[in-house]
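# Results of the structural survey
This is what each chain is made of:
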Amino acid sequence: PQSTVAGQHLVIVEGRSDVRYLESVRRVHHASRKVTFVPASGPRNMVPVTRTMLEVAESVLALTVLVDGDVAGPQADRLTEDLKGLVSEFGLGPNDVDVIVVHPDLEGALGLTDSETVLRNPRYLRNIADTKLDTMVEKADLMTRAARDPTLGKLLRAIGLDLG
């Protein structure tokens, strides 16, 4: 049977909410390239989830692993090395896998939260309607943010946006 991820770019993220935010960005900015998002349920699960996805996929063109800034320093370096070792087993080269660490977290990097909102209700974004989330993404001016933040630009390109 045909794999649902054959010939695609896989983006492994920490959780389902990250998938939701990135799908909203893709919707609002009309992403062109096909991307498959896979939530790993936390950074500790990134390598096992990646292994599983590579085992079931017939072909993967590229792999991006996205982690929040709380996974930094030696932990991020170890994750990167573990993933690069893993993907070589499946025929991907070291340039086909990318670990992107966003600071302070995905929501902040995308301009979807401010510290007051998060302090009042840390699950605020997880509970809003998709239309409200899309409006917030529209107002976040991601292209300007990406021009100032190379990591964000790299992430937006990884999820299929054309930054011009």
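Computed from a predicted model, the values in this text were never measured in an experiment.

## Some words on the overall build of the protein chain
- When you go through the protein chain residue by residue, the secondary structure sums to nine helices and four strands.
- For the protein chain, the sequential pattern of α-helices and β-strands runs β-α-β-α-β-α-β-α-α-α-α-α-α.
- Residues counted as buried form 48% of the 164 residues belonging to the protein chain.
- For the protein chain, the exposed surface amounts to about 8800 Å²; the carbon and sulfur share of it is 48%.

## Here we look at the pattern of salt bridges
- In total, this model carries four salt bridges according to the counting rule given.
- Linking Arg20 and Asp130 is a salt bridge whose minimum nitrogen-to-oxygen distance equals 3.0 Å. Placement of the pair is Arg20 in helix H1 (residues 16–28) and Asp130 in helix H7 (residues 130–139), with a sequence separation of 110 residues.
- One salt bridge connects Lys154 with Asp98, and the closest N-O pair in it is separated by 3.2 Å. With Lys154 in helix H9 (residues 150–158) and Asp98 in strand E4 (residues 97–102), the pair connects residues that are 56 residues apart, well separated along the chain.

## Considerations on the sheet that holds E4
- Here four strands make up an open sheet; going across it, the order is E2-E1-E3-E4 and the pairing parallel. Strands with a single pairing partner mark the edges of an open sheet, and in this sheet they are strand E2 (35–39) and E4. Across the sheet, the mean angle separating the axes of adjacent strands is 20° when strand polarity is ignored.
- In the sheet, strand E1 (residues 8–13) pairs with E2 via five bridges, with the strands oriented parallel. When the bridges of E2 are listed, Val11 appears paired with Phe37.
- On top of the sheet, H1 reaches E1, E2 and strand E3 (60–68); it is set at about 160° to E2, its chief contact.

## Details of the confidence of the model for the protein chain
- Scored by pLDDT, the protein chain has a mean of 84; 90% of the residues are at 70 or more.
- Confidence, expressed as mean pLDDT per element, reaches its minimum in the protein chain at helix H5 (residues 115–120) with 56 and its maximum at H1 with 95.

## Considering the pairing of E3
- For E3, the buried fraction is high: eight of the nine residues fall into the buried class.
- Both E1 and E3 contribute to a ladder of five bridges, which runs parallel. When the bridges of E3 are listed, Leu10 appears paired with Leu63.

## What about unusual backbone geometry?
- Phi is positive for His30, which is not a glycine, with a value near 50°.
- You can see His30 is positioned in the loop between H1 and E2.

## Quick look at the packing of helix H2 (residues 46–56) against helix H3 (residues 74–89)
- Between H2 and H3, whose axes approach to 10 Å, the crossing angle comes to 15°. In terms of axis orientation, H2 runs roughly parallel to H3. Regarding H2 and H3, the two cross each other, and that crossing is right-handed. In contact with Met46, Val47, Thr50, Arg51 and Leu54 of H2, H3 contributes Leu79, Asp82, Leu83, Leu86, Val87 and Glu89.
- Looking at the contact of H2 with H3 residue by residue, the class counts come to seven nonpolar, one polar and three charged.

Calculation criteria
Residues numbered from 1 in each chain as written. Predicted model: local features only at pLDDT ≥ 70, side-chain atom pairs only at ≥ 80, totals over all residues. Heavy atoms only, no water. Helix = DSSP H or I, 4+ residues; strand = E, 2+ residues; numbered from the N terminus. Buried < 20%, exposed > 50% of the residue type's maximum accessible area, 1.4 Å probe, protein only. Areas by Shrake-Rupley, 256 points an atom, 1.4 Å probe, with all protein chains shown as cover. Salt bridge = Lys/Arg side-chain N within 4 Å of Asp/Glu carboxyl O. Pairing = 2+ DSSP bridges. Axes fitted to C-alpha atoms, helices over the stretch in contact; angles between N-to-C directions. Contact = heavy atoms within 4.5 Å. pLDDT = per-residue confidence, 0-100. Parallel < 35°, antiparallel > 145°, perpendicular 65-115°, else oblique. Left-handed = near helix turned anticlockwise from the far one by under 90°. Nonpolar A, V, L, I, M, F, W, Y, C, P; charged D, E, K, R; others polar.

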